Amino acid sequence: SQKDRLTEEIYNEFRQKYLKMLNEKIKTLRGMSVALEPHATQIRDEIKRISVQVERVTVAYSLGEITEEEYVKICSPLQSKLTALKEKLKEIEEIFSFLEKPLESI
């Protein structure tokens, strides 16, 4: 926002200073993202496992093997956990996406 008020030389000086600081922070965050990857993989696996459980219960309900009450009792907690896990994974993937962007686009 100060670009119009500053000379090009001063603007570039401060821009470089802040880009250097930002670059250092990004390097630190990228290192942390490496630690996040196993956690993201674990969440993906858990999402798959729960999705299979929900599908299994849904098919059992569709075939009349369980009542609607049993279906709701089993699926409600699974769906809640699935929603929470998907949200966590979305947050982690947003972090990964941010860290993959070139520094100039930030």
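Residues numbered from 1 in each chain as written. Predicted model: local features only at pLDDT ≥ 70, side-chain atom pairs only at ≥ 80, totals over all residues. Heavy atoms only, no water.

### A look at the side chain of Ser 33
Then, number 1: Summarising the element assignment, Ser 33 is placed in helix H1 (residues 8–62).
Then, number 2: Sequence-distant contacts of Ser 33, defined by excluding residues within four places in its chain, comprise Phe 96 and Leu 99. (Helix = DSSP H or I, 4+ residues; strand = E, 2+ residues; numbered from the N terminus. Contact = heavy atoms within 4.5 Å.)

### Here we look at helix H2 (residues 68–100)
Because the α-helix completes a turn every 3.6 residues, residues three or four places apart line up on one side.
Then, number 1: The first and last C-alpha atoms of H2 sit 46 Å apart over 33 residues, in line with the 48 Å expected at 1.5 Å per residue.
Then, number 2: The largest bend in H2 comes to about 30°, at Cys 75, with the proline Pro 77 one to four residues further on.
Then, number 3: Within H2, the full set of buried residues consists of Cys 75, Leu 78, Leu 82, Leu 85, Leu 89, Ile 92, Phe 96 and Leu 99.
Then, number 4: Considering only its buried residues, H2 is in contact with H1. (Expected span 1.5 Å × (residues − 1). Bend = angle between axes of the 7 residues up to and from the residue. Buried < 20%, exposed > 50% of the residue type's maximum accessible area, 1.4 Å probe, protein only.)

### Things to note about H1
Then, number 1: Over its 55 residues, H1 extends only 69 Å from the first C-alpha to the last, a length that falls short of the 81 Å expected when each residue adds 1.5 Å.
Then, number 2: At Ala 35, H1 is deflected by roughly 35°, the largest bend along its length, and proline Pro 38 occurs up to four residues later in sequence.
Then, number 3: On the buried face of H1, the contacting elements are H2.
Then, number 4: Once H1 ends, the next one or two residues include Gly 64, with phi positive near 80°.

In short, the description is geometric, and any link to function would need to be established separately.
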